[in-house]
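# Tertiary structure, described
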Amino acid sequence: QKEVEQDPGPLSVPEGAIVSLNCTYSNSAFQYFMWYRQYSRKGPELLMYTYSSGNKEDGRFTAQVDKSSKYISLFIRDSQPSDSATYLCAGTGANNLFFGTGTRLTVIP
Amino acid sequence: ETGVTQTPRHLVMGMTNKKSLKCEQHLGHNAMYWYKQSAKKPLELMFVYSLEERVENNSVPSRFSPECPNSSHLFLHLHTLQPEDSALYLCASTPRNWDDEQYFGPGTRLTVT
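Just so it is clear, the structure is predicted and the values come from calculations on it, not from any experiment. (Residues numbered from 1 in each chain as written. Chains lettered and ligands numbered in written order. Predicted model: local features only at pLDDT ≥ 70, side-chain atom pairs only at ≥ 80, totals over all residues. Heavy atoms only, no water.)

This part takes up the pairing of strand 9 (residues 85-93) of chain A. Residue and element names in this part refer to chain A. Among the 9 residues in strand 9, 9 count as buried, and that is most of the element. Across 7 bridges, strand 4 (residues 32-38) lies against strand 9 in antiparallel orientation. Of the residues in strand 9, the one forming a bridge with Met-34 is Ala-90. Pairing geometry for strand 9 and strand 10 (residues 96-99), over 4 bridges, is antiparallel. Opposite Thr-92, over in strand 10, you have Leu-97 as the bridge partner. Counted along the chain from strand 9 to the antiparallel partner strand 10, the turn is 2 residues long, and its residue Ala-94 has a positive phi close to 50 degrees. (Buried < 20%, exposed > 50% of the residue type's maximum accessible area, 1.4 Å probe, protein only. Helix = DSSP H or I, 4+ residues; strand = E, 2+ residues; numbered from the N terminus. Pairing = 2+ DSSP bridges.)

Have a look at this one:
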């Protein structure tokens, strides 16, 4: 079983749609959770960084962590073509850090 | 220069060559990392240098050899690589340790022929 499971997609949505990206993880020691966005031919850039369970909102982006079900989500409201990228989730804790495979998202104008 | 920089951006090497990848961070961070990114696979953490202490993923072959002369510079020395080592190699840094948010460089696209 992978430490972090993520549906690779691809996922295509029309502009303006709400996007839901999800990951599950298996390591109960994970305390910190991150979402990264990676454009083609670029390194990943941090979108959201959360600690333990709960929600965190930043502009059009909302990250959710449910530690009881080991489920993490990223919601993108009013999606834009510029949101087209690969989204990576990650969990860390107890000197372990694992990433999902990434979900490729395309927002169609 | 700002953030995390990596050179070269692209590298093609034969299986008998020796080459090195370079990473430099301008963020004042205390930990640096090497990752391998292959298609349809999770980012694989290869090496960690935290306050100049090295931590490595035991599954990384010895043909990859890291070097961290100071907290701002990180190298990955490559020798006798295999075609399956072709991938994007990413460097990252964090302020303190791997619970912190990672700041990535643009990566080196490596092709082994």
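For the coordinates displayed, the defined rule picks out 2 disulfides over all chains. Shown here is the disulfide that connects Cys23(A) with Cys89(A), its sulfur atoms set 1.9 Å apart. Note on the Cys23(A) and Cys89(A) pair: the S-S dihedral is about -100 degrees, so by sign convention the disulfide is left-handed. Linking Cys23(A) in strand 3 (residues 19-25) with Cys89(A) in strand 9, this pair joins segments that are 66 residues apart in sequence. Here the two residues Cys23(A) and Cys89(A) agree in accessibility, since each one is buried. The partner cysteine of Cys23(B) in its disulfide is Cys91(B), sulfur to sulfur 1.9 Å. In this structure, the disulfide formed by Cys23(B) and Cys91(B) twists by about -70 degrees around the S-S bond and is classed as left-handed. (Disulfide = S-S within 2.5 Å.)

Okay, the sheet that holds strand 7 (residues 64-70) of chain B next. Residue and element names in this part refer to chain B. Sheet architecture is open: 4 strands sit in the order 1-3-8-7, paired in antiparallel fashion. Single-partner strands in this sheet number two, and they are strand 1 (4-7) and strand 7. Each strand of the sheet is rotated relative to its neighbour by a mean of 20 degrees, with strand direction disregarded. Of the pairings in the sheet, the one linking strand 1 to strand 3 (residues 18-25) comprises 4 bridges and is antiparallel in character. Counted as the bridge partner of Gln-6 is Cys-23 from strand 3. (Axes fitted to C-alpha atoms, helices over the stretch in contact; angles between N-to-C directions.)

Here the focus is the interface of chain A and chain B. Facing 19 residues of chain A, the contacting portion of chain B comprises 17 residues. Taken together, the links from chain A to chain B amount to 0 salt bridges. At the boundary of chain A with chain B, the tally comes to 5 residue pairs in polar contact (both at pLDDT 80 or more). Sorting the residues of the side of chain A that touches chain B by element identifies strand 4, strand 5 (45-51), strand 9 and strand 10 of chain A as the ones contributing at least two each. A total of 4 residues in the side of chain A that touches chain B trace back to one element, the largest contributor, which is strand 4 of chain A. Class assignment for the residues of the side of chain A that touches chain B results in 9 nonpolar, 8 polar and 2 charged. (Contact = heavy atoms within 4.5 Å. Salt bridge = Lys/Arg side-chain N within 4 Å of Asp/Glu carboxyl O. Polar contact = N/O pair within 3.5 Å; in protein donor to acceptor, adjacent residues only side chain to side chain. Nonpolar A, V, L, I, M, F, W, Y, C, P; charged D, E, K, R; others polar.)

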